[in-house]
Amino acid sequence: MEKNLKTNPPCDDSCPVRASLTLLGGKWTLMILFQINEGVMRYGELKRAVTGISEKMLIQELNMLVENKLVSKKVYPEIPPKVEYRLTELGLKTLPIVDQLAQFGLQNLV
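Residues numbered from 1 in each chain as written. Predicted model: local features only at pLDDT ≥ 70, side-chain atom pairs only at ≥ 80, totals over all residues. Heavy atoms only, no water.

As recorded in an unreviewed UniProt entry, the protein chain goes by Transcriptional regulator and comes from Sphingobacterium pedocola.

Before going further, it helps to examine the nonpolar core. Generally speaking, soluble globular proteins have nonpolar side chains that are buried together. Counting residues in hydrophobic clusters, the biggest one holds 19 residues, and the most contacted among them are Ile32, Leu33, Ile36, Leu46, Val71 and Tyr85. Counting only elements with at least two residues in this core, the list comes to helix H2 (29–36), helix H4 (55–67), strand E3 (82–87) and helix H6 (95–108). Beyond its immediate stretch of four places on either side in the chain, Tyr85 contacts Ile36, Gly39, Val40, Met41, Tyr43, Leu46, Leu62, Val66, Val71, Ser72 and Lys73. (Core = buried A, V, L, I, M, F, W, Y, C linked by side-chain atoms within 4.5 Å. Buried < 20%, exposed > 50% of the residue type's maximum accessible area, 1.4 Å probe, protein only. Helix = DSSP H or I, 4+ residues; strand = E, 2+ residues; numbered from the N terminus. Contact = heavy atoms within 4.5 Å.)

This paragraph deals with the sheet that holds strand E2 (residues 71–76). Spatially, E1-E3-E2 is the arrangement adopted by the three strands of the open sheet, whose pairing is antiparallel. Every interior strand has two partners, whereas the edge strands, strand E1 (40–42) and E2, have only one. Neighbour-to-neighbour, the strand axes of the sheet open up by a mean angle of 30°, direction not taken into account. Across the sheet, H2 lies against E1, E2 and E3, angled at about 100° from E3, the strand it touches most. (Pairing = 2+ DSSP bridges. Axes fitted to C-alpha atoms, helices over the stretch in contact; angles between N-to-C directions.)

With an omega of -5°, the peptide bond running from Ile79 to Pro80 counts as cis. Mapped onto the elements of the fold, Pro80 is located in the loop between E2 and E3. You will see that Asn37, though not glycine, has its phi angle at about 50°, which is positive. Its place among the elements puts Asn37 in the loop between H2 and E1. In the Ramachandran plot, Lys69 falls in the positive-phi region, its phi being about 65° despite a non-glycine side chain. Within the fold, Lys69 resides in the loop between H4 and E2. A relative accessible area of 57% places Lys69 in the exposed class.

Moving on, we get to H4. Look at H4: 18 Å from first C-alpha to last across 13 residues, which is about the 18 Å you get at 1.5 Å a residue. Buried within H4 are the following residues: Leu58, Glu61, Leu62 and Leu65. Considered in projection along H4, the buried side chains sweep an arc of 100° and stay on one side of the axis. Within H4, the exposed residues directed more than 90 degrees away from the buried face are Lys56 and Glu67. Elements in contact with the buried residues of H4: H2, helix H3 (43–49), E2 and E3. Trailing H4 by a residue or two, Lys69 shows a phi angle of about 65°, which is positive. (Expected span 1.5 Å × (residues − 1). Arc of directions from axis to C-beta.)

Shown next, in the form of structure tokens:
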């Protein structure tokens, strides 16, 4: 059931926009979610796909996304290590938001 916001509540600690931005407001977060999308990606693929992100920042963002249950991480016991990332059920719920931002960018900015 969706809540209908007829009036804008104050942006205090219970603000839904603030709560969403806590999860999704990182500089690289939405770009990583956009790249993984409905597929499975390895670390190296993400590093190439998200142009300009440093290795340190990509690792931090991925760890944060896993911690916040937006992305799942599967490590295979092999040498060299193989790690795959995919969106969780919660992460998949962000795709309409990411798609809307992509559409806005295509229509107005690119």
